[in-house]
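Commentary on secondary and tertiary structure
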Amino acid sequence: MNNSTIDFVNKIKSIRKEKGLSQIELAKRCHVPQSTIGRIENHSMNPSLDMVISILNILNVNIELTENAKVIKGYDVFVYLY
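What counts, and where the lines are drawn
- Residues numbered from 1 in each chain as written.
- Predicted model: local features only at pLDDT ≥ 70, side-chain atom pairs only at ≥ 80, totals over all residues.
- Heavy atoms only, no water.
- Buried < 20%, exposed > 50% of the residue type's maximum accessible area, 1.4 Å probe, protein only.
- Helix = DSSP H or I, 4+ residues; strand = E, 2+ residues; numbered from the N terminus.
- Expected span 1.5 Å × (residues − 1).
- Arc of directions from axis to C-beta.
- Polar contact = N/O pair within 3.5 Å; in protein donor to acceptor, adjacent residues only side chain to side chain.
- 1 Å grid on protein atoms, 1.4 Å probe; cavity = no way out; pocket = protein on both sides within 12 Å on 5 of 7 lines; lining within 4 Å.
- Points joined across faces, edges and corners; volume = space filled by probe spheres on them.

Right, let's talk about helix H3 (residues 34-41) for a bit. Within H3, burial applies to Thr-36, Ile-37, Gly-38, Ile-40 and Glu-41. Downstream of H3 by a residue or two, His-43 has a phi angle that is positive, lying close to 70 degrees.

Attention now moves to helix H1 (residues 3-18). Between the first and last C-alpha of H1 there are 22 Å, a value that for 16 residues agrees with the 22 Å anticipated at 1.5 Å per step. The complete set of buried residues in H1 reads Val-9, Ile-12, Ile-15 and Arg-16. What you see down the axis of H1 is that its buried residues fit within an arc of 120 degrees, all on one side. H1 presents Asn-3, Asp-7, Lys-17 and Glu-18 as exposed residues on the side facing more than 90 degrees away from its buried surface. In this structure Asn-2 caps H1, since a side-chain oxygen of it lies 3.0 Å from the backbone nitrogen of Ser-4. Two residues or fewer after H1 comes Gly-20, characterised by a positive phi angle close to 70 degrees.

So, on to empty space enclosed by the protein. Inspection of every chain in the model, using the stated rule, returns one cavity of 30 Å³ or more. Considered as a void within the structure, the largest cavity measures approximately 90 Å³ in volume. Together, Phe-8, Val-9, Ile-12, Lys-13, Arg-16, Leu-26, Ile-37, Ile-40, Glu-41, Pro-47, Val-52 and Ile-55 line the largest cavity. Of all the elements in the fold, those that place two or more residues in the lining of the largest cavity are H1, H3 and helix H4 (49-58).

Printed below as a string of structure tokens:
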């Protein structure tokens, strides 16, 4: 996992805990084994986009995609979506 993915997963884990939801309950609502949630949260498994969306929906969390531009001298502008 890259650092952005690790940060994202850590944020999801934090939100889950803030909402008082256990890994077991989140797993039940996602229709996956608890071990899947555990592997995602301990960074040994990259979640699929479908899994991320399912988790975000269950946690009642929305994400917003924004454009960030970075100019490097002598190069074109690179646009990154986060």
